[in-house]
Amino acid sequence: MRTIVNEAGEIVAKATRDGTLVGGHHRIAVAASLGQKLVWQDTGEPVNLEVFFRHPASSLRHTA
């Protein structure tokens, strides 16, 4: 289990090692919309939010 924190060090969400978001779905969306920098607590590396918000069906969309 890994922890995602914001710039102030507050816990925003929890995720598994393979990148599955376990808790904090709403909080991570709000933090991202506010432009907060989110990092992994254990390494300090920036969190790639695309991994969490990518919808499997989005790759099947076609433009008209």
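Notes on the structure in this doc start here. Keep in mind that this is a model prediction, so the values were computed, not measured.

Looking now at the overall build of the protein. A count of helices and strands for the protein gives two helices and four strands. N-terminal to C-terminal, the α/β element order of the protein is β-β-β-α-β-α. Counting across all 64 residues of the protein, residues that qualify as buried make up 25%. Taking as baseline every contact in the protein between residues at least 6 positions apart, the subset at least 24 positions apart corresponds to 39%. Counting every atom, the protein has about 4700 Å² of accessible surface; 54% of that belongs to carbon and sulfur.

Criteria and cut-off values
Residues numbered from 1 in each chain as written. Predicted model: local features only at pLDDT ≥ 70, side-chain atom pairs only at ≥ 80, totals over all residues. Heavy atoms only, no water. Helix = DSSP H or I, 4+ residues; strand = E, 2+ residues; numbered from the N terminus. Buried < 20%, exposed > 50% of the residue type's maximum accessible area, 1.4 Å probe, protein only. Contact = heavy atoms within 4.5 Å. Areas by Shrake-Rupley, 256 points an atom, 1.4 Å probe, with all protein chains shown as cover.

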